[in-house]
Amino acid sequence: GQQLNQSPQSMFIQEGEDVSMNCTSSSIFNTWLWYKQEPGEGPVLLIALYKAGELTSNGRLTAQFGITRKDSFLNISASIPSDVGIYFCAGPSSNTGKLIFGQGTTLQVKP
Amino acid sequence: DAMVIQNPRYQVTQFGKPVTLSCSQTLNHNVMYWYQQKSSQAPKLLFHYYDKDFNNEADTPDNFQSRRPNTSFCFLDIRSPGLGDAAMYLCATSRGLPTAGYYNEQFFGPGTRLTVL
C-alpha cells in the first residue's frame, strides 16, 4: 500500500535556528497536508497543498508540494520554544481517499 | 469558533469495564472519524461515518463500536477495554469525502487519553 516516509525522525535544535523536514513516497499524492501535534493534544492542520509545485506559507512556516507529486517539505524559520511538537505529513490514499500519515518528525527546541 | 470537542479529555477505566468517549462538532461537517494513537505514533483510523453511513476499517477489533445519533455528535464505545486499548483517541471531521471531490482536510479534536487499570 501507499506509504509516507518522513525524515528526520527527530530534531533537537537551538532557538532561532531554521528547520527543514520532508516527506517522500514512492506513489503520487494529489494533496499534501502538514499537521503539528503538541504533547497531549490533537493534531492541528498547519498547511494544505493541492497543486504540484505549490509553495505556501503560514507565518514562519513554508511548505512545498514537490513537482513529481512524490514529496513535500516543511520549513520553519527562526524557531521558538513553542514550535516543539511532532510534525506529521499526510496525504489521501489514491484508492480510498483515507488519510495516510507519515511517522512524524519530533522537534525539540532548546531556549 | 467552529471546532471539534472531545469529552472527557482524560478517562480512566478498569479492565473489562465498558467506556464511552464522545465527540461533538460545530463545523457542520458530513464526515466524522475516530482514530487511535499510541505513544507518538501516527494516528490509526478505526472507522468513519459519512452522514449516517458507517464504515469500519478491516483491522478494527469488534471491541470497538461507534454511534452517530445526529450530525453533531459521534460516540466511541469500547465494550471490554483491555490493557492494550490504553491510548489517545482522536475524533476528526471533514466536509466530505475526497472521492466525492471534496478536499481532504481533516480537523481534529484535542483527544481523550484513555487509561486502563
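Presented here is a report on the structure given in the accompanying data block. (Residues numbered from 1 in each chain as written. Chains lettered and ligands numbered in written order. Predicted model: local features only at pLDDT ≥ 70, side-chain atom pairs only at ≥ 80, totals over all residues. Heavy atoms only, no water.)

## Observations concerning the sheet that holds strand β3 (residues 19–24) of chain A
All names here are of chain A. In spatial order, the strands read β1-β3-β8-β7-β6; together these five strands make up an open sheet with antiparallel pairing. At either end of the open sheet lies a strand with only one pairing partner, and these are β1 (5–7) and β6 (55–58). Ignoring strand direction, the axes of neighbouring strands in this sheet form an average angle of 15°. Note: β3 against strand β8 (residues 71–76), six bridges, orientation antiparallel. (Pairing = 2+ DSSP bridges. Helix = DSSP H or I, 4+ residues; strand = E, 2+ residues; numbered from the N terminus. Axes fitted to C-alpha atoms, helices over the stretch in contact; angles between N-to-C directions.)

## Topic: the pattern of salt bridges
In this structure the tally under the stated criterion is six salt bridges over all chains. Linking R9 of chain B and E41 of chain A is a salt bridge whose minimum nitrogen-to-oxygen distance equals 3.4 Å. Within this pair, whereas R9 of chain B is found in the loop between β1 (4–7) and β2 (10–13), its partner E41 of chain A is found in the loop between β4 (32–37) and β5 (44–49), the two belonging to separate chains. In this structure R9 of chain B comes out as partly exposed when scored by relative accessible area, which is 27%. Owing to a relative accessible area of 33%, E41 of chain A belongs among the partly exposed residues under this scheme. For K44 of chain B, the salt bridge goes to D59 of chain B, with nearest N and O atoms at 3.3 Å. Remark: D59 of chain B occurs in the loop between β6 (53–56) and β7 (64–67) and K44 of chain B occurs in strand β5 (residues 44–50); sequence separation between them is 15 residues. The exposure class assigned to K44 of chain B is partly exposed, which follows from its relative accessible area of 33%. (Salt bridge = Lys/Arg side-chain N within 4 Å of Asp/Glu carboxyl O. Buried < 20%, exposed > 50% of the residue type's maximum accessible area, 1.4 Å probe, protein only.)

## What about the pairing of β4 of chain A?
Residue and element names in this part refer to chain A. β4 sits mainly inside the fold: six of its six residues count as buried. Here β4 shows two buried faces, one formed by W32, W34 and K36 and the other by L33, Y35 and Q37. In the sheet, β4 pairs with β5 via five bridges, with the strands oriented antiparallel. The residue bridging K36 from the neighbouring strand is V44, located in β5. Counted along the chain from β4 to the antiparallel partner β5, the turn is six residues long, and its residue G40 has a positive phi close to 75°. Inspection of the sheet shows β4 paired to strand β9 (residues 85–92) by five bridges, in the antiparallel sense. Pairing of W34 across the sheet is with C89, part of β9.

## Let's talk about the state of the cysteines
All names here are of chain A. Inspection of the entire model under this criterion finds two disulfides over all chains. At a sulfur-sulfur separation of 1.9 Å, the disulfide partner of C23 is C89. Between C23 and C89 the disulfide shows an S-S torsion of about 50°. By sign, it is right-handed. Placement of C23 in strand β3 and of C89 in strand β9 is noted, with a sequence separation of 66 residues between them. Overall, C23 belongs to the buried group, its relative accessible area being 0%. (Disulfide = S-S within 2.5 Å.)

## Quick word on the interface of chain A and chain B
Quoted interface sizes are often the accessible area lost when the parts come together. Facing 21 residues of chain A, the contacting portion of chain B comprises 22 residues. Across the chain A to chain B interface the summed buried area is about 1600 Å²; carbon plus sulfur atoms make up 60%. It is Y50, K98 and F101 of chain A in chain A that bury the most area against chain B; as a group they hold 29% of the surface buried on that side. Run the count over chain A and chain B and you get two salt bridges. Summed over the shared surface of chain A and chain B, the number is seven residue pairs in polar contact (both at pLDDT 80 or more). Looking at the side of chain A that touches chain B, the elements that each hand over two or more residues are β4, β5, β9 and β10 (99–101) of chain A. Taken together, the residues that form the side of chain A that touches chain B break down as 11 nonpolar, eight polar and two charged. (Contact = heavy atoms within 4.5 Å. Buried area = accessible area lost by both parts, 1.4 Å probe. Polar contact = N/O pair within 3.5 Å; in protein donor to acceptor, adjacent residues only side chain to side chain. Nonpolar A, V, L, I, M, F, W, Y, C, P; charged D, E, K, R; others polar.)

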